[in-house]
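Next come the chains, spelled out residue by residue.
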Amino acid sequence: MLFKRGFSLTGNLLFSKGYLLKNQSDFKKYIYSSGNNDLIAMYNKVVDLRKAMNYEKNREKRDSLSEEIEEIEKSIKRVVPESLINSQVSWMNVRNQLKANDVAIEFFSIPNIELENGYKKVGEVYCAAVLKRNYKEPHIVELFNDSMLHKIDSDLYYQSNDLYHLFWKPIAVEIKGCKNVYFSPEYEMNNIAIEYIKDDNGNLISSATNYYRLSSTRELLINENRKNVRNAVLYG
């Protein structure tokens with residue numbers, strides 16, 4: 001299902017989620033070489049909180065962790081050079097970095113709210129923001145309700161095509177013809193190697209296409225990271 005939910009969300013959140021402290025080698029080097037114990041402690045705290053958030057299934061608890069991370073990052077921003085923050089990047093910059101046979105995908109989730117005795121959160125819906133070089137705007141695709149994921153036996157993740165039907169089949173038309181798929185997982189996806197699952201024909205999806213797992217597709221904007229992604233984070 002293709003739908004649009006305001007592309008300011010994509011520009012301000014999806015293609016920048018947690019980018020300040022994720023896999024930015026120069027940023028990390030600056031922190032640890034600063035000699036500032038308080039700064040180092042804040043950085044380590046954010047790293048630990050992000051790990052906890054990846055494993056946390058409760059939306060409210062994740063939101064609380066996210067708020068705590070945001071507050072710590074604000075403190076870090078006050079004492080690091082502006083050049084290391086690079087906060088003015090938009091999804092258009094990501095798009096322009098892509099080649100004709102590339103596709104960038106940011107997975108994200110939104111609360112699944114049903115009206116029952118008032119508004120009540122009953123889960124989450126996973127979605128994908130898909131970006132290619134010739135797109136005028138990202139394509140937002142609804143994927144599945146998280147309850148569908150929880151019904152799949154984890155022991156069968158890599159033996160069946162169940163995960164393929166949840167994560168990749170809804171956006172197969174977007175990926176078709178692409179050589180390189182750059183994707184950023186969301187929450188529970190961080191614990192599942194969705195680049196190693198089988199398609200409807202029983203073949204690994206990475207057998208014909210290169211899959212690159214990123215913490216944020218904004219990593220493609222840093223030449224050093226892009227090179228590292230191509231050389232060291234290839235699944236296929």
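Residues numbered from 1 in each chain as written. Predicted model: local features only at pLDDT ≥ 70, side-chain atom pairs only at ≥ 80, totals over all residues. Heavy atoms only, no water.

> Give a description of the pattern of salt bridges that names residues and reports values.
Overall, the coordinates contain three salt bridges when judged by the stated rule. Residues Asp200 and Lys169 are paired through a salt bridge, measuring 2.9 Å at the closest nitrogen-oxygen approach. Of the two residues, Asp200 sits in the loop between β5 (180–184) and β6 (210–213) while Lys169 sits in the loop between α7 (162–167) and α8 (172–175), which places them 31 residues apart along the sequence. Given a relative accessible area of 40%, Asp200 falls into the partly exposed group. When the shortest N-O distance is used, the salt bridge between Glu195 and Arg213 registers 2.8 Å. Residue Glu195 is located in the loop between β5 and β6, and its partner Arg213 is located in strand β6; the two are separated by 18 residues in the primary sequence. (Salt bridge = Lys/Arg side-chain N within 4 Å of Asp/Glu carboxyl O. Helix = DSSP H or I, 4+ residues; strand = E, 2+ residues; numbered from the N terminus. Buried < 20%, exposed > 50% of the residue type's maximum accessible area, 1.4 Å probe, protein only.)

> Describe the packing of aromatic side chains, and please don't skip the residues or the numbers.
Under the defined criterion, the tally for this structure stands at ten aromatic pairs. Each ring, one from Tyr32 and one from Tyr43, has its centre 5.6 Å from the other, and the planes form 80°; the classification is edge-to-face. Of this pair, Tyr32 sits in helix α2 (residues 25–33) while Tyr43 is found in helix α3 (residues 37–55), placing the two residues eleven residues apart along the sequence. Ring geometry for Trp168 versus Phe183: centroids 5.7 Å apart, planes at 90°, classification edge-to-face. (Phe/Tyr/Trp six-rings, centres within 6.5 Å; stacked < 30°, edge-to-face > 60°.)

> Report on the pairing of β6, specifying residues and quantitative values.
Every other side chain in a regular strand lies on the same face of the sheet, so the side chains alternate between the two faces. In β6, alternate side chains face the same way, and those of Asn210 and Tyr212 on one face and Tyr211 and Arg213 on the other are all buried. Here four bridges tie β5 to β6, and the two strands are oriented parallel to one another. Bridged to Tyr182 within β6 is Tyr212. (Pairing = 2+ DSSP bridges.)

> Quick rundown of a nonpolar patch on the surface? Include the residues and the values.
A cluster of nonpolar residues, Tyr158, Tyr196 and Leu204, forms a patch on the protein surface that exposes about 270 Å² of accessible area. Mapped onto the fold, Tyr158 is located in the loop between α6 (146–150) and α7. Here Tyr158 falls in the partly exposed class, since its relative accessible area comes to 35%. (Patch = residues over 30% accessible without salt bridge, like charges linked within 9 Å, V, L, I, M, F, W, Y side chains within 5 Å. Areas by Shrake-Rupley, 256 points an atom, 1.4 Å probe, with all protein chains shown as cover.)

> Describe the nonpolar core, naming the residues involved and giving the relevant values.
Ranked by internal contacts, the top residues of the largest apolar core, which has 52 residues, are Ile105, Phe107, Leu163, Phe167, Trp168 and Ile171. Residue contributions to this core peak at six residues, all from α3. Counting six residues, the second largest nonpolar core, distinct from the first, contains Val125, Cys127, Ala129 and Ile140. (Core = buried A, V, L, I, M, F, W, Y, C linked by side-chain atoms within 4.5 Å.)

> A description of the confidence of the model for the protein should follow, citing residues and the corresponding values.
Of all residues in the protein, 73% have pLDDT values of 70 or greater, and the mean over the chain is 77. The model gives residues 1–8 a pLDDT under 50, and that stretch makes 16 contacts with residues more than four places away or in other chains. Note that pLDDT drops below 50 for residues 223–236; the model gives that stretch 37 contacts with residues more than four away or on any other chain. (pLDDT = per-residue confidence, 0-100. Contact = heavy atoms within 4.5 Å.)

> Describe in detail the side chain of Asn145, supporting the description with residues and values.
As for its position among the elements, Asn145 is in strand β4 (residues 139–145). A relative accessible area of 18% places Asn145 in the buried class. Within the structure, the side chain of Asn145 is placed 2.9 Å from the backbone nitrogen of Ser147, a separation counted as a polar contact. Those residues in contact with Asn145 that lie beyond four places of it in its chain are Asn112, Glu124 and Val125. (Polar contact = N/O pair within 3.5 Å; in protein donor to acceptor, adjacent residues only side chain to side chain.)

> Describe the environment of Ala193, and please don't skip the residues or the numbers.
Tracing the backbone shows Ala193 in the loop between β5 and β6. Between the alpha carbons of Ala193 and Arg213 there is a distance of 9.3 Å; along the sequence they are 20 residues apart.

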